Structure formats: C-alpha cells, structure tokens
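Read off the chains here:
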Amino acid sequence: MLTHDKMINMYYTMCLIRAFEDRVHELFAQGKIPGFVHLYAGEEAVAVGVIANLKRGDFITSTHRGHGHCIAMGVDVRGMMAELFGRRTGTCKGKGGSMHIADFEKGMLGANGIVGAGGPLAIGAALALKYKGTDNVVVCFAGDGAQNQGAVLESLNLAAVWKLPVIFVVEDNQYAISLRSLTPSALQPRVSTAKSVAERAIGFGIPSITVDGQDVLAVYEAAKAAVERARRGEGPSLLDCKTYRYYGHFEGDPMVYRSREEIEEWRKRDPILIFKDKLMRMGVATEELLNQIRTKAVSEVEEAVKFAEESPFPEPSEAYTDVFTDPYY
Ligand SMILES: Cc1ncc(C[n+]2csc(CCOP(=O)(O)OP(=O)(O)O)c2C)c(N)n1
Ligand SMILES: [Mg+2]
C-alpha cells in the first residue's frame, strides 16, 4: 500500500519533472542550451509510477528523452541543469549534455542518444545482479519506436532465456519522431504487423500488460507486480504504457505531422491533473497543499537555473578527460 507521504512525494516528483521540462523549453528557445534536447512533459506518470517501486541497488537504463527518468531516480536537478548548460558543475561535468546524463550512484545508468541501446545495457546489468545473488532489478525504459530495434528484440529474447530481473517499460507516446509507430493507424504496416508491443512480448515468453500511462497509480500497480516478480527471480516482464509527449520530438521541431487539436485532447488527460484530482478525492491532500507543492517544484527549478548560469564552463585543458574518444584518432 502506498502511504500518503509516498504519494505526496510522487506528486512532487511529477511536478518537478514538469517544471524542469517547461523551463528547459523556454531556455532552449532563448538560445541558452546547446545541443539536442528532447522533453518528457506529458509522460511523467510513467517514470514516477515505475520508479516509485525501486530501492537502493536497483538500476535503470534510459533514452534520449531521459530527464524524467533522472529526476525520478533522484538525480540532483541543479547538476542536471548545469549539465544542459555545458557547465563544469553538471552531473557529467558538462560534457554529456541532455542525452548523456548518467549518475551511477543513483542507479541511473545513463540517458542514451542511440535508440534502443538501453536494452543490452539493462540485461548486462541484470546479469551482473543475478550473478551477485541480490534481489535487485533493472528497469529498461524505451520508446515505442525503439521496440523495433534489433538490439531491443535480442534483449527481450535473452532476458527471457536467462530469466533476468528486468522490467521493460515501453513509453508508447505514439510517435517515433514524426512516424506513428505501433499504435493502430492506417500507416501501421510500415512499422510492424503486431497489434501491440504487449502482444509481441508474449512471443518471447515475457508476460506483458497494457497500462494507462497517464495514471500514475495504474502505472505504479502494474510495475509493482512486475518488480516483485523480478525480485523473486521469476524473470522479465513488459509494461506497455500509453502516453503522449506535449512538446515536439526535439526542441525546434515544427511538428507539422500532428494537429493542435490532438495535443489539446491529450492535455485534457494530463497526468499531474489526474493525480491531483485523485489525491483530493482520496483525502490525501487539499488543493491548497498540492498547489504549494507545485510552486515549490517551480522554485527548485529556478534555483537550478541560477546555479547553472552562475557555474563556470569546463577548463579547455580538461577537454579530453572523462571522455572515451581518442583525440588523436
Ligand atoms: C540507432 C538510432 N537510430 C535512429 C536514431 C534517430 N532517432 C532519434 S529519436 C528517434 C525516434 C525514437 O522514437 P521512440 O523510441 O518512440 O522515442 P520517443 O522519441 O518517441 O520518446 C530516432 C529514430 C537514433 N538516435 N539512434
Ligand atoms: Mg515514441
């Protein structure tokens, strides 16, 4: 059972992710953030609902849209913002940027610019945990588009064969850049003839479930069963979470492939508003308290922006430290 404190905490984390992403959207438009940025706003319930089931020693692998996963794992938002700004105080000393934030101490094995690359990393980590004989688990977050990458399909197969403690979490936001991927549509056969990723998982011998990705409590419950199964040593599961991203594929995306009406429709089922309504109806918190929590999240992000802007850039003499490319190659 979720305690009231834990639910309030989950609400705060969702608000913190939203505040972070909304602010980054503005900062990017102002030209303050270099590189590519993919925002998670709209998908908060997935990261928070799943990660609320994790404990110390568990790991996650992430995607190019990884800020929400980082924040839900407890990565410091000041370091994250500084990382986006390319500053020395960033989580990865300003050298990774949005798509390469990793914080091993927190169990966050890294955002990843390579679509589907989290699959092999997750099963590698899970194999290590199994060897060590712990009851820790690994969550592999990946998009709907990533589900058709060979590396992900091989990871599903190996995870099932080796009975690894992995939870595959599909963030089906319906688009892979501008292509409608697995969601049934006139274009569906261009990508896969399977009706859904959940259905396809059965073929690998992996139990799966389709989840309302806008309802954090539904995600929490589905993930709880999958995490418990993995901790018992019974192997992997897959959660197919239906969700939606509010901003473009990347910041700067003209979004010609979807309508304003479609976005408005999804915003009506906003995960933070749905949770807020539930918390009030369940008597967990008053509207006043929930509004204060949201304001607190916004100020935490403001502090992070200040911290980032006041932080120095890395020294040029450190350009080749902590990076894995050969400067002479
Ligand atoms: C191996 C690889 N192929 C292609 C790309 C280019 N790319 C970046 S994001 C993306 C779409 C990913 O879609 P999805 O997995 O649904 O994630 P979403 O962006 O919707 O969160 C593609 C094709 C890449 N980064 N890596
Ligand atoms: Mg997608």
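Residues numbered from 1 in each chain as written. Chains lettered and ligands numbered in written order. Predicted model: local features only at pLDDT ≥ 70, side-chain atom pairs only at ≥ 80, totals over all residues.

Draft legend 1. Representation of the overall build of the chain in the model. Secondary structure assignment for the chain yields 11 helices and 7 strands. Its C-alpha radius of gyration of 19 Å places the chain within 12% of the 20 Å reference for a compact globule of 329 residues. Projected onto the principal axes, the alpha-carbon positions of the chain cover approximately 55 × 50 × 45 Å. Taken over 329 residues, the chain has a buried fraction of 47%. Excluding contacts between residues fewer than 6 apart, the proportion of contacts in the chain whose partners are at least 24 apart in sequence is 74%. (Helix = DSSP H or I, 4+ residues; strand = E, 2+ residues; numbered from the N terminus. Rg over C-alpha atoms; globule rule 2.2 N^0.38 Å. Buried ≥ 20, exposed ≤ 12 C-beta atoms within 10 Å, placed from the backbone. Contact = placed C-beta atoms within 7 Å.)

Draft legend 2. Representation of unusual backbone geometry. Its identity is not glycine, yet Ile177 carries a phi of approximately 55°, on the positive side. Inspection of the secondary structure assignment puts Ile177 in the loop between strand E4 (175–176) and strand E5 (179–180). Even without being glycine, Asp322 reaches a positive phi, approximately 65°. Within the element layout of this structure, Asp322 appears in the segment after helix H11 (287–310). The exposed category is assigned to Asp322, around which 11 C-beta atoms lie within 10 Å.

Draft legend 3. Main features of the site of ligand 1. Close to ligand 1 lie 16 residues; Val115, Gly143, Gly145, Ala146 and Ala176 are nearest. Of the residues contributing to the shell around ligand 1, the split by class is 6 nonpolar, 7 polar and 3 charged. (Near = placed C-beta within 6 Å. Nonpolar A, V, L, I, M, F, W, Y, C, P; charged D, E, K, R; others polar.)

Draft legend 4. Geometry of the nonpolar core. Counting 91 residues, the largest nonpolar core has Val138, Val166, Ile167 and Val169 as the members making the most contacts within it. The element best represented in this core is helix H1 (residues 4–29), accounting for 11 residues. When near neighbours in sequence (up to four residues on either side) are disregarded, Val166 contacts Ala122, Ile123, Ala126, Val138, Cys140, Ala159, Ala230 and Pro236. (Core = buried A, V, L, I, M, F, W, Y, C linked by C-beta atoms within 7 Å.)

Draft legend 5. Broad picture of the pairing of strand E6 (residues 208–212). Here E6 runs beside strand E7 (residues 237–242); their pairing, made up of 5 bridges, is parallel. Bridge pairing in E7 links Asp212 to Lys242. Read from E6 through helix H8 (residues 216–231) to E7, the crossover connection turns out right-handed. (Pairing = 2+ DSSP bridges. Right-handed = clockwise from strand over helix to strand, strands pointing away.)

Draft legend 6. Just the environment of Phe250, in detail. Looking at the secondary structure, you find Phe250 in the loop between E7 and helix H9 (260–267). Residue classification places Phe250 among the partly exposed positions, given that 17 C-beta atoms sit within 10 Å. Discounting chain neighbours no more than four positions away, the residues touching Phe250 are Phe36, Val37 and His38.

Draft legend 7. Representation of the packing of H1 against H11. Packing of H1 against H11 brings their axes to within 8 Å, and their N-to-C directions diverge by 45°. By the angle class used here, H1 and H11 are oblique. In this structure, H1 meets H11 at a crossing whose hand is right-handed. Of the residues in H11, those in contact with Ile8, Tyr11, Tyr12, Cys15, Leu16, Ala19, Phe20 and Arg23 of H1 are Leu290, Ile293, Arg294, Ala297, Val298, Glu300, Val301 and Val305. (Axes fitted to C-alpha atoms, helices over the stretch in contact; angles between N-to-C directions. Parallel < 35°, antiparallel > 145°, perpendicular 65-115°, else oblique. Left-handed = near helix turned anticlockwise from the far one by under 90°.)

Draft legend 8. Fine view of the confidence of the model for the chain. With 96% of its residues at a pLDDT of 70 or more, the chain has an overall mean of 95. Model confidence for the chain, summarised as mean pLDDT per element, is weakest for E5 at 83 and strongest for helix H2 (residues 44–51) at 99. (pLDDT = per-residue confidence, 0-100.)

Draft legend 9. Here's a closer look at the sheet that holds strand E1 (residues 59–61). What the 5 strands build is an open sheet, ordered E1-E2-E3-E7-E6; its pairing is parallel. Every other strand in the sheet has two partners, leaving E1 and E6 as the edge strands with one partner each. Strand after strand, the sheet turns through a mean of 20° between neighbouring axes, direction not considered. The strands touched by helix H5 (residues 118–132) are E1, strand E2 (138–143) and strand E3 (166–172); relative to E2, the strand with the most contacts, the crossing angle is about 175°.

Draft legend 10. Molecular detail of the packing of helix H4 (residues 77–84) against H11. Contact geometry of H4 with H11 gives a least axis separation of 8 Å together with a crossing angle of 45°. Viewed along their axes, H4 and H11 adopt a mutual orientation that is oblique. In the crossing of H4 with H11, the sense of the turn from one axis to the other is right-handed. Here H4 contributes Val77, Arg78, Met81 and Ala82 to the contact with H11, which in turn contributes Glu300, Val301, Glu303, Ala304, Val305, Phe307 and Ala308. For the contact of H4 with H11, the residue count by class is 8 nonpolar, no polar and 3 charged.

Draft legend 11. Spotlight on the environment of Gly143. Relative to the helices and strands, Gly143 is located in strand E2. Those residues within four positions of Gly143 in sequence are excluded, and the remaining contacts are Thr63, Glu171, Asn173 and Ala176.

Draft legend 12. Quick look at the pairing of E3. Counting buried positions along E3 yields 7 of 7 residues, so the element is predominantly enclosed. Here E3 shows no split at all, with Val166, Phe168, Val170 and Asp172 on one side and Ile167, Val169 and Glu171 on the other all buried. Across 6 bridges, the pairing between E2 and E3 is parallel. Counterpart to Gly143 in the pairing with E3 is Glu171. Following the chain from E2 across helix H6 (residues 150–161) to the adjacent parallel E3, one finds a crossover that is right-handed. In this structure, E3 lies alongside E7, joined through 6 bridges in parallel fashion.

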